[in-house]
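The chain contents come next:
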Amino acid sequence: MVVHTRFAPSPTGRLHLGHAWSAIQAHDFARVAGGAFTLRIEDIDGTRSRPEHVAAILRDLEWLGLEWDGEVTFQSQRLGLYEEALDRLRAMGLLYPCFCTRADIAASLTAPHGPEGALYPGTCRGLEAPDLGKPHCWRLDMGRALATLQTRHPPRRGGDGEGFQLFWQDEIAGRVRAGPASAGDVVLARKDAPASYHLAVTIDDAAQGITHVVRGVDLFAATHVHRLLQALLGLPTPEYRHHPLLLGPDGTRLAKRHGAPSLEAMRLAGEDGRALAERLRAGQLPVGIAAAQA
Ligand code: GLU
């Protein structure tokens, strides 16, 4: 198998050290294996994505000495693929339009909480005659999705009686049993964007033949949903490596609020990007910054 990894930034801001850390790991994983490394710009969010961020990302990666193979891909140019997948899921009866605003969801005080905040309470599930002329997103009916897989894979006689289960192989966490139910009825097409992160990333990783998804452990919870979408859509499951994150002095994931300079600022200040990449590879982190798995 030819190893194929990717770095998939969203161009909604400038990259910082945490992105460099992640890009280096995805890049080196492929290079060590003699494989390919793809750069995919995740710009489905038309309101927050900016061409000037894209331009800075390309320059930052070159400055770090990270070369990608082939053309850069842009999710904004692949919307047809996501639409096709949505049509398939809709035809399977697994999607429903949802008209709720964030405020509506927050106001439903009984909403249970999942790994990514309040779980959608299912208000719009089973609406009789939804008015698709009004702004809406499309949600996955999680209960039905899981039931569909159970029906497709009935328990074998003499099996352990636990029913159908999904797994993925994680280079760090080992064999992980996917538990997508705790994510609830996730959004697959947003009100303001033709696909959600969950859908687009799953489709693209499969369509681009990504064999190893190397990304931060902050996206570990999302993989439960991605594994489910792969099963529903008949897509291959790559291996995953959810790597440790860079943390700021307060122990939270490194972000702009820590005041760390962007890669662009370091580049424009004349810093040597390749030397920085070497230091990161050697685990030599700036003062106050630590790497941790959780
Ligand atoms: N576009 C996502 C981000 O910038 C990362 C996608 C991924 O690696 O799966 O956070």
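Refer to the preceding data block for the structure.
Since this is a predicted model, take the numbers as computed values, not measurements. (Residues numbered from 1 in each chain as written. Predicted model: local features only at pLDDT ≥ 70, side-chain atom pairs only at ≥ 80, totals over all residues. Heavy atoms only, no water.)

Peer 1: Tell me about the packing of aromatic side chains, residues and numbers included.
Peer 2: In total, this model carries 2 aromatic pairs according to the counting rule given. Arranged with centres 6.1 Å apart and planes meeting at 65 degrees, the rings of Trp168 and Tyr240 form a pair that is edge-to-face. One end of the pair, Trp168, is in strand 8 (residues 167-170); the other, Tyr240, is in strand 12 (residues 239-243), with 72 residues separating them in the sequence. Above the ring of Phe167, the side-chain terminus of Arg175 is found at 3.7 Å from the ring centroid. (Phe/Tyr/Trp six-rings, centres within 6.5 Å; stacked < 30°, edge-to-face > 60°. Helix = DSSP H or I, 4+ residues; strand = E, 2+ residues; numbered from the N terminus. Lys NZ or Arg CZ within 6 Å of the ring centre and 35° of its normal.)

Peer 1: How would you summarise the sheet that holds strand 4 (residues 95-98) if you had to cite specific residues and measurements?
Peer 2: Read across the open sheet, the 3 strands follow the order 4-7-10; overall the sheet is antiparallel. The sheet terminates laterally at strand 4 and strand 10 (187-189), the two strands that pair on one side only. Across the sheet, the mean angle from the axis of one strand to that of its neighbour is 45 degrees, orientation sign disregarded. Sheet analysis places strand 4 next to strand 7 (residues 137-140), joined by 4 bridges and oriented antiparallel. Note that in strand 7 the partner of Pro97 across the bridge is Trp138. (Pairing = 2+ DSSP bridges. Axes fitted to C-alpha atoms, helices over the stretch in contact; angles between N-to-C directions.)

Peer 1: Outline the site of the ligand, supporting the account with residue identities and numerical values.
Peer 2: Taken together, the neighbourhood of the ligand is formed by Arg6, Ala8, Pro9, Ser10, Glu42, Tyr197, Val201, Arg215 and Leu219. A distance of 2.7 Å separates a nitrogen atom of the ligand from a polar backbone atom of Ala8. Contact between the ligand and Tyr197: an oxygen atom at 2.9 Å from a side-chain N or O atom of the residue. Against a free-state accessible area of 300 Å², the protein chains account for coverage of 76% of the ligand. Of the residues contributing to the shell around the ligand, the split by class is 5 nonpolar, 1 polar and 3 charged. (Near = heavy atom within 4 Å. Polar contact = N/O pair within 3.5 Å; in protein donor to acceptor, adjacent residues only side chain to side chain. Areas by Shrake-Rupley, 256 points an atom, 1.4 Å probe, with all protein chains shown as cover. Nonpolar A, V, L, I, M, F, W, Y, C, P; charged D, E, K, R; others polar.)

Peer 1: Kindly report on the pattern of salt bridges, identifying the contributing residues and their values.
Peer 2: For the coordinates displayed, the defined rule picks out 20 salt bridges. Residue Arg6 pairs with Asp205 through a salt bridge whose shortest N-O separation is 2.9 Å. Pair noted here: Arg6 is in strand 1 (residues 4-7) and Asp205 is in helix 6 (residues 197-207), with a separation of 199 residues, a long-range link. Residue Arg144 pairs with Asp141 through a salt bridge whose shortest N-O separation is 3.7 Å. Through salt bridges with shared partners, a single network forms among Arg6, Arg40, Glu42, Arg78, Asp204 and Asp205. (Salt bridge = Lys/Arg side-chain N within 4 Å of Asp/Glu carboxyl O.)

Peer 1: Lay out the side chain of Arg139 with the relevant residues and their values.
Peer 2: The residue Arg139 is located in strand 7 in this model. Despite its burial, Arg139 pairs with no opposite charge; the closest candidate is Asp185, at 6.5 Å N-O. A distance of 2.8 Å separates the side chain of Arg139 from the backbone oxygen of Asp185, its partner in a polar contact. Ignoring any residue separated from it by four or fewer positions in sequence, one finds Arg139 in contact with Leu94, Leu95, Tyr96, Cys98, Ile105, Tyr120, Asp185, Val186, Val187 and Leu188. (Buried < 20%, exposed > 50% of the residue type's maximum accessible area, 1.4 Å probe, protein only. Lys, Arg positive; Asp, Glu negative; His and termini not counted. Contact = heavy atoms within 4.5 Å.)

Peer 1: Describe the pairing of strand 9 (residues 174-177), with residues and values.
Peer 2: Note that strand 8 and strand 9 share 4 bridges and pair antiparallel. Considered in strand 9, the bridge of Phe167 is made with Arg177. Counting the residues in the hairpin turn of strand 8 and strand 9 gives 3 residues.

Peer 1: Any chance you could break down the sheet that holds strand 1 for me, citing the residues and the numbers?
Peer 2: Strand order in this open sheet of 3 strands is 1-2-3, and the pairing throughout is parallel. Whereas interior strands pair on both sides, the edge strands pair on one side only; in this sheet they are strand 1 and strand 3 (73-74). By the bridge criterion, 2 bridges tie strand 2 (residues 36-41) to strand 3 in an arrangement that is parallel. Note that in strand 3 the partner of Arg40 across the bridge is Thr73.

Peer 1: So what's going on with helix 1 (residues 17-32)? Residues and values would help.
Peer 2: Along its 16 residues, helix 1 runs 22 Å from first to last C-alpha, staying within 8% of the 22 Å computed at 1.5 Å per residue. Most of helix 1 sits inside the fold, with 13 of its 16 residues counted as buried. Just beyond helix 1, the residue with positive phi is Gly34, at close to 70 degrees. (Expected span 1.5 Å × (residues − 1).)

Peer 1: Report on the nonpolar core, specifying residues and quantitative values.
Peer 2: In terms of nonpolar packing, the biggest core is built from 32 residues, with Leu89, Leu140, Leu188, Leu199, Leu228 and Leu232 touching the most fellow members. Those elements that provide at least two residues to this core are helix 3 (79-91), strand 7, helix 5 (142-152), strand 10, helix 6 and helix 7 (220-233). No other element matches the 6 residues that helix 7 contributes to this core. Aside from chain neighbours lying at most four places away, what touches Leu89 is Leu94, Leu95, Leu188, Leu199, Leu229, Leu232 and Leu233. (Core = buried A, V, L, I, M, F, W, Y, C linked by side-chain atoms within 4.5 Å.)

Peer 1: Hey, could you go over helix 6 for me, with residue numbers and the actual values?
Peer 2: Where burial is concerned, most of helix 6 is hidden: 8 out of the 11 residues are buried. Within the sequence span of helix 6, burial applies to His198, Leu199, Ala200, Val201, Thr202, Ile203, Asp204 and Asp205. The elements touched by buried residues of helix 6 are strand 1, strand 2, helix 3, strand 10, strand 11 (212-216) and helix 7. Directly beyond the C-terminal end of helix 6, a positive phi value near 70 degrees is found at Gly209.

By themselves, these observations are geometric and do not establish any function.
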